[in-house]
Amino acid sequence: MLALIDCNACYASCEQIFRPDLRGKPIVVLSNNDGCIVTRNAQAKSLGIPDLVPYFKIKPLLEKHHVHVFSSNYELYGDISARLMGLLATLGDQIEIYSIDEAFLELNGFSDIISHGQLIKKLAWQHQRMPVCVGIAETKTLAKLANHIAKKSKKLGGVCLISGINNWENVFKKIAVNKVWGVGSRIAKRLNLLRIYSVYDLKKQSPKLIRKEFGVTLERTVLELNEVRC
């Protein structure tokens, strides 16, 4: 099985490590030279603060809602990320660092894989004060999807295991196709024209027909949604 460990609002969470008094409060982090918003924590998102908007345009709204604003500190974020990745490497068989705030971890031989996912989440907080969500599945695409579900569902406690793929059909029907890893807005619009609106709709497509219309990358995505590693 593969686990995708993803930091929650990474840059904002890094700032909260040194400002624990701001936990539970809205935070945004700006890009180089304070150009635009690049990170919003959950509290900022709930206020309707948009992403990738120039700071000067959104400043009055931030002040109105008493949102805490930080200039980016990439050296700090990189150092915290390196420490976290070092910890994650000890918790699985093989790690693949995908970005500064995400890593895939190969998990083999665990009798209770959900409990191990919860342990990963617990240790990330204990050692680095970094909140993470863990998505676990047979393929990277499904692990990404599981992570998305873990972030959205309070019942799961930040850890989601997608196993027994047919049991997830009702959930997949409720998730828009643009939430699939690698399916951007342009591809999603083309899929919608073919009446492919949800993760379930894409999963049910013929890989060969998808390859003919969209190319090999999306064909592999369909295969991965059906637990075939590509």
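1. Regarding the pairing of strand β7 (residues 132-137)
Then step 1. The element β7 is largely enclosed, with a buried count of six among its six residues.
Then step 2. By the alternation rule, side chains of β7 split into Val132, Val134 and Ile136 and Cys133, Gly135 and Ala137, which are all buried.
Then step 3. Bridge count for β7 against strand β8 (residues 159-161) is three bridges, and the pairing is parallel. Residue pairing across strands places Ile136 opposite Leu161, the latter belonging to β8.
Then step 4. With respect to chirality, the unit in which β7 leads through helix α6 (residues 140-152) into the neighbouring parallel β8 is left-handed.

2. A closer look at the packing of helix α4 (residues 74-88) against helix α5 (residues 113-128)
Then step 1. Where α4 meets α5, the axes come as close as 10 Å, and the angle between the chain directions of the two elements is 140 degrees. Regarding the angle of α4 to α5, the classification is oblique. Note on packing geometry: the crossing formed by α4 with α5 is right-handed. On α5, the residues that touch Ile80, Arg83, Leu84, Leu87 and Leu88 of α4 are Ile120, Leu123, Ala124, His127 and Gln128.
Then step 2. When grouped by side-chain class, the residues that make up the contact of α4 with α5 number seven nonpolar, two polar and one charged.

3. Focus on the packing of α6 against helix α11 (residues 216-225)
Then step 1. The geometry of α6 relative to α11 is characterised by a closest axis approach of 7 Å and an angle of 70 degrees between their N-to-C directions. Taken together, the axes of α6 and α11 are roughly perpendicular relative to one another. Each of Lys140, Thr141, Leu142 and Leu145 in α6 lies in contact with α11, whose residues at this interface are Thr221, Glu224 and Leu225.
Then step 2. Here the contact of α6 with α11 is built from residues that sort into three nonpolar, two polar and two charged.

4. Some remarks on the state of the cysteines
Then step 1. In total, this model carries zero disulfides according to the counting rule given.
Then step 2. The thiol of Cys14 is unpaired, and the distance to the nearest cysteine sulfur, on Cys10, comes to 4.2 Å.

5. Points about the confidence of the model for the chain
Then step 1. Looking at the chain, pLDDT values average 95 and 100% of them are 70 or higher.
Then step 2. In the model of the chain, helix α3 (residues 55-64) stands out as the element of lowest mean pLDDT, 94, in contrast to β7, which has the highest, 98.

6. Topic: the packing of aromatic side chains
Any pair of aromatic rings gets described here by the distance separating the centres and the angle formed by the planes.
Then step 1. Per the stated rule, a full pass over the model turns up seven aromatic pairs.
Then step 2. Consider the rings of Tyr74 and Tyr77, whose centres lie 6.0 Å apart with planes at 85 degrees: the pair is edge-to-face. Residue Tyr74 and its partner Tyr77 are located together in helix α4, separated by three residues, close to a single helical turn.
Then step 3. Pairing Phe104 with Trp181 gives two aromatic rings, centres 5.6 Å apart and planes at 40 degrees, and the pair type is tilted. Here Phe104 is found in strand β6 (residues 102-106), whereas its partner Trp181 is found in the loop between α7 (169-172) and α8 (185-193), with 77 residues between them in sequence.

7. With respect to the sheet that holds strand β2 (residues 27-30)
Then step 1. If you trace the three strands from one edge of the open sheet to the other, you get β3-β2-β4, paired in mixed fashion. Edge positions in the sheet fall to β3 (37-40) and β4 (68-71), since each has one partner strand and no second. On average, each strand axis in the sheet is tilted by 25 degrees relative to the strand beside it, whichever way the strands run.
Then step 2. Relative to β4, β2 runs parallel, the two being bridged by four bridges. Directly across from Val28, in β4, lies its bridge partner Val69.

8. Looking at the pattern of salt bridges
Then step 1. A complete count under the given rule lists eight salt bridges for this structure.
Then step 2. Here Arg19 makes a salt bridge to Asp21, at a shortest N to O gap of 2.8 Å.
Then step 3. A residue is classified by how much of its surface remains accessible, and Arg19, at 34% relative accessible area, is partly exposed.
Then step 4. What makes Asp21 partly exposed here is its relative accessible area of 42%.

Criteria and thresholds
- Residues numbered from 1 in each chain as written.
- Predicted model: local features only at pLDDT ≥ 70, side-chain atom pairs only at ≥ 80, totals over all residues.
- Heavy atoms only, no water.
- Buried < 20%, exposed > 50% of the residue type's maximum accessible area, 1.4 Å probe, protein only.
- Helix = DSSP H or I, 4+ residues; strand = E, 2+ residues; numbered from the N terminus.
- Pairing = 2+ DSSP bridges.
- Right-handed = clockwise from strand over helix to strand, strands pointing away.
- Axes fitted to C-alpha atoms, helices over the stretch in contact; angles between N-to-C directions.
- Parallel < 35°, antiparallel > 145°, perpendicular 65-115°, else oblique.
- Left-handed = near helix turned anticlockwise from the far one by under 90°.
- Contact = heavy atoms within 4.5 Å.
- Nonpolar A, V, L, I, M, F, W, Y, C, P; charged D, E, K, R; others polar.
- Disulfide = S-S within 2.5 Å.
- pLDDT = per-residue confidence, 0-100.
- Phe/Tyr/Trp six-rings, centres within 6.5 Å; stacked < 30°, edge-to-face > 60°.
- Salt bridge = Lys/Arg side-chain N within 4 Å of Asp/Glu carboxyl O.

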